[in-house]
Amino acid sequence: MRPDREVAIVAFAQSDHRRRTDDLSEVEMVMPVLHEVLRQTGLKTSDIGFTCSGSSDYLAGRAFSFTMALDGVGAWPPISESHVETDGAWALYEAWVKLLTGEADTALVYSYGKSSPGSVRDVLTRQLDPYYLAPLWPDSVALAALQAQALLDSGTTDEPALAAIAARSREDAAENPHAQLRGARPQGGYVVRPLRTGDCPPIGDGAAAVILAAGDRARELCARPAWIRGMDHRIEAHSLGVRDLTDSPSTRLAAERAGAFDAPVDTAELHAPFTSQEVVLRRALDLDDSVRVNPSGGVLAANPVMAAGLIRLGEAAARIHRGDSDRALAHATSGPCLQQNLVAVLEGENRA
Amino acid sequence: MKATPPPEILQAPLVVEFPFTRSLGPVQSAFLTGLRERTVLGVRTETGEILVPPVEYDPATAAELRDLVEVGVTGTVTTWAWNPEPRRGQPLATPFAWVLVRLDGADTAVLHALDAPGPEAVRTGLRVRIRWAAERSGAITDIACFEPYDSDPVVEHRPHDGLFADSVTGIVAPARLDYTYSPGAAQTRYLRGLAERRTVGERCPSCTKVYVPPRGACPTCGIATTDRVEVGPAGTVTTFCIVNIKAKNADIDVPYVYAHIALDGAGLALHGRIGGIPYDQVRMGLRVEPVWSEDGRYPDHYRPTGEPDADYDTYKELL
Ligand SMILES: [Zn+2]
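The structure displayed is predicted, hence computed values, not measured ones.

## Considering the domain arrangement of chain B
In step 1: Looking at the assigned domains, one finds that chain B contains domain 1 (14-176) and domain 2 (185-318).
In step 2: Each of domain 1 of chain B and domain 2 of chain B has a C-alpha centre, and the two are 54 Å apart.

Dropping the structure here:
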C-alpha cells in the first residue's frame, strides 16, 4: 500500500564509531551528528516539526540518559518530542507516521548507544522473556550461535560462506570512514561455536541522525531526496523454540507490506549483527547477487547498538542522495535471532 | 615519593542491581510449579500442537490456551552452540552447550544448558534428559541442565489438571549489571574543579547562560557549552523544602533542609543541604556558602554566610 503523503529522508549523519568513548557523555557524542544534519539541510532546531529518538538506558547504565541527550537538541522551550526504547529505526518509523498524518512537515530522528561502559552481551539478556529465558542469562552471541548451528544443520550455509560474508563486510568498510572495523581481519577462534570472532559484530559506541521531510519541503532541503515508498515492521513469536530459526517470516511480511517485491532493488542495507543472519535475511528478502548488500560494511563493521538499525536507513538514503542507488531496501532488527524486523523501501527520482 | 597523577578521564564502578519480581498467570504458574515437582507441562493449541514451555496465548492465532498436558523429561537436541567460557548467572560454571531441546511429546523446544565433556560430544539429534536441581523453588532454574541420555523417543503426552499443592504465583529474578561509569568531558571538568574547591560552570556561547553543574550542552540552544566560568563560592537560597523522612543509608538527622541555591554568577540553581542553622529559620534569599567534605572533594552542605538576605529581585529569574 503506497502511503498518501510523500515523505523522504533528506539528511543523514553518523559519528565515527569507536570501541570506547570514555571522554564523551551521551549528549556530547550525539550533538555533532545533530548539528551535521541541521547543517546539511540549513534547518534550525526551531524549524523541526517533530523529534524522535531511540536508545536504551541499560546499555550505559544511566537512568534517563535520553532526557540528558535531549539537551543537545535544544528542547527548551518544549518541543514536540518522543522516544522509543529500541533502535532508532523504530523512532524513524514513528516520525514517518507523524509526517503521514500531516501533523508535521519535518522531523529529526536520532539514536545513540554507548556499549562500552557495560558488558553488552549480558545487558541484552535483560530484554529476554523474564520467566523462561532471562534467569539463564543466555547472551546475545549464544542465541545467535544456536541460530547459526540450525542454518549449518539445514545445509543452507557453511563456515567458509560465513567467513566470506565477514571478509566482504570489512573490506567494504575500508571505504567507510565512520566504520570501526575497516579492512579484512582473521576470523579468529570460536566465541560461541559455530560463531567465530569474525562472525560477530564489534562492540562500540556511536550515534546517528536523519531528517525527514514531506513533499516539496523535501525537494527544497535535498537535491535528491530518498523517498520512503513503504515501511513496515513485524515480529516473530517470542519463544525461540517455537520459531524456525533458519527463516525470517516477519522480515518477508514486512518487506511485502513495504512494497519491496514490487520492483527490484539495486542496494540493500541489512541489519545483520552476525554473518549467519545475513544468510537468513537474503533468503527472506529474495536478494540475488545483482543486489549490492551492505556497501557500508554493515553492522559487522560498526555496531553502535540502538543506532545500528537507523544507520542502515541512513546509509541506504545517502546512497540515493549521492546518486549511487535508485531503489534501495533498508532493514533493521531488534531482539534475539532477528526477533523483530523493519523494512523500508527508498527511491530516488530520476535525474533530469 | 611522587604522587600518582590523576587519570585523564574520571571513571568509577557502577553496579545496577535489582530483583525483577513478576507474577505468573495460570499457565506459567502450573509449568513452574510442575518443575518444582519434577513434572514438565506443556499446553495444547487448537491445532493440537504441544507447546513446551507453555504460553497463555497461541503464538499463531492469539487464542487463549489452557489445555495442559504432561510431557517427558527426555528429549532431542534441535540445535546447539558450544559455550567455552560460561558467564555470570549462566546454568553451568564449566564449558557447556546451549541447547534447544524438544522434549518427548512436545512439538516445540525449550532453551537450556547441556552438560557435556566437549563440543565433539554434542550434535543436533542427540538424546538428552533433564538433570533436576537439588533445591527447587518453581523456576526455570529448577532444571539444573540437560545431560546426554540414550533412550528411544516417545511421543506420548497425557492430560494434566495443572493443580499442585502450594503452587507458585510469582518469580523473583535477580539482575545485576556491572558498568564502568565515566561522566564525559563537561562533568569531568566540573568534578576536577570541585576537587580544588572551585565550582566551575560553563557558559553557552549563544545565550550566555552559565550552567552549574554543566552537562555539556545548552538545552535551550542545543549547542555545546564552552567557556568555563568560576561561580560562587557564596550563593542565595532560591527555594527549599524541609525533609522529615530519613533516606535509606543517609546518616543525617531529620528534619533538615534541602534547598535550591543560586551560586553567585550561575544561570541556574543547583541543589544542596543547608546546615549550621535551625531548619525552621531557613528562608528564601538566605545567603550561604559551601562547607567542603572532609576529603575536600565536594560541598557536603551549605551554611549561612551571615550577610544580609538577598533581594527577591536578584534571584527571581532563577527560581
Ligand atoms: Zn544557550
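Next comes the rest of the account.
## Regarding the pairing of strand β20 (residues 287-292) of chain B
Residues and elements named next belong to chain B.
In step 1: By the criterion of burial, β20 is predominantly enclosed, with five of the six residues buried.
In step 2: Summarising the sheet, β20 and strand β21 (residues 299-304) pair through five bridges and their orientation is antiparallel. Across the sheet, the residue bridging to Val-288 is Pro-304, located in β21.

## Remarks on the coordination of the zinc ion
All names here are of chain B.
In step 1: For the zinc ion, the full set of protein donor atoms is Cys-204 (SG), Cys-207 (SG), Cys-218 (SG) and Cys-221 (SG), and the range of their distances to it is 2.3 Å.
In step 2: Around the zinc ion sit four donor atoms; with metal-centred angles ranging over 107 to 112 degrees, the donor geometry is tetrahedral.
In step 3: For the zinc ion, the single-chain donor residues occur in sequence as C-x2-C-x10-C-x2-C.
In step 4: Residue classification places Cys-221 among the partly exposed residues on the basis of a relative accessible area of 23%.

## Brief notes about helix α10 (residues 275-284) of chain A
Residues and elements named next belong to chain A.
In step 1: Among the 10 residues that make up α10, eight are buried, leaving the element largely enclosed by the rest of the structure.
In step 2: Buried residues of α10: Thr-275, Ser-276, Gln-277, Glu-278, Val-279, Val-280, Leu-281 and Ala-284, and no others.
In step 3: Just beyond α10, the residue with positive phi is Asp-286, at close to 55 degrees.

## A word on the domain arrangement of chain A
All names here are of chain A.
In step 1: If you check the domain split of chain A, you get domain 1 (7-118 + 202-221) and domain 2 (120-200 + 226-347).
In step 2: The centre of domain 1, based on its C-alpha atoms, is set 22 Å off from the matching centre of domain 2.
In step 3: Counting from both sides, the interface comprises 45 residues of domain 1 and, opposite them, 42 residues of domain 2.
In step 4: In this assembly, domain 1 and domain 2 are joined by zero salt bridges.
In step 5: Inspection of the region where domain 1 meets domain 2 yields 15 residue pairs in polar contact (both at pLDDT 80 or more).
In step 6: At the level of secondary structure, the elements contributing two or more residues to the side of domain 1 that touches domain 2 comprise β1 (7-14), α2 (57-60), α4 (88-100), β4 (106-114), β7 (205-214) and α8 (215-221).
In step 7: In the side of domain 1 that touches domain 2, the residues fall into 24 nonpolar, 15 polar and six charged.

## Observations regarding the sheet that holds β4(A)
Residues and elements named next belong to chain A.
In step 1: Across the sheet, which stays open at both edges, the 10 strands sit in the order β3-β2-β4-β7-β1-β8-β12-β11-β9-β10 with mixed pairing between neighbours. The open sheet has two free edges, formed respectively by β3 (81-84) and β10 (292-293), since each of these has just one partner strand.
In step 2: Relative to β10, strand β9 (residues 267-269) runs parallel, the two sharing two bridges. Bridge assignment links Thr-267 to a residue of β10, and that residue is Arg-292.
In step 3: Along the sheet, helix α11 (residues 308-322) makes contact with β1, β4, β7, β8 (226-235), β9, β10, β11 (327-334) and β12 (340-347), crossing β1 at roughly 110 degrees.

## Some thoughts on the packing of aromatic side chains
In step 1: Enumeration over the complete set of coordinates arrives at eight aromatic pairs over all chains.
In step 2: The interplanar angle of 55 degrees and the centroid separation of 5.7 Å between the aromatic rings of Tyr93(A) and Trp96(A) together place this pair among those described as tilted. Of the two residues, Tyr93(A) and Trp96(A) both sit in helix α4, three residues apart, roughly one turn of that helix.
In step 3: Owing to a relative accessible area of 6%, Trp96(A) belongs among the buried residues under this scheme.
In step 4: Seen from their ring centres, Tyr312(B) and Tyr315(B) are 5.5 Å apart, and the 80 degrees between their planes marks the pair as edge-to-face. Linking Tyr312(B) with Tyr315(B), this pair stays in helix α3 (residues 312-315), spanning three residues, or about one helical turn.
In step 5: The class of Tyr312(B) is partly exposed, set by a relative accessible area of 46%.
In step 6: Counting every residue linked through ring pairs, the aromatic cluster contains Tyr58(A), Phe18(B) and Phe20(B).
In step 7: Sitting over the face of the ring of Tyr181(B), Arg62(A) holds its NZ or CZ atom 4.4 Å from the ring centroid.
In step 8: The positively charged end of Arg126(A) is found above the aromatic ring belonging to Trp137(A), 3.5 Å away from the centroid.

Calculation notes
- Residues numbered from 1 in each chain as written.
- Chains lettered and ligands numbered in written order.
- Predicted model: local features only at pLDDT ≥ 70, side-chain atom pairs only at ≥ 80, totals over all residues.
- Heavy atoms only, no water.
- Domains from an automatic or database assignment.
- Buried < 20%, exposed > 50% of the residue type's maximum accessible area, 1.4 Å probe, protein only.
- Helix = DSSP H or I, 4+ residues; strand = E, 2+ residues; numbered from the N terminus.
- Pairing = 2+ DSSP bridges.
- Donors = N, O, S within 2.8 Å, 3.2 Å for Na, K, Ca; no water.
- Tetrahedral: all angles 85-135°; square planar, octahedral: opposite > 155°, others 65-115°.
- Contact = heavy atoms within 4.5 Å.
- Salt bridge = Lys/Arg side-chain N within 4 Å of Asp/Glu carboxyl O.
- Polar contact = N/O pair within 3.5 Å; in protein donor to acceptor, adjacent residues only side chain to side chain.
- Nonpolar A, V, L, I, M, F, W, Y, C, P; charged D, E, K, R; others polar.
- Axes fitted to C-alpha atoms, helices over the stretch in contact; angles between N-to-C directions.
- Phe/Tyr/Trp six-rings, centres within 6.5 Å; stacked < 30°, edge-to-face > 60°.
- Lys NZ or Arg CZ within 6 Å of the ring centre and 35° of its normal.

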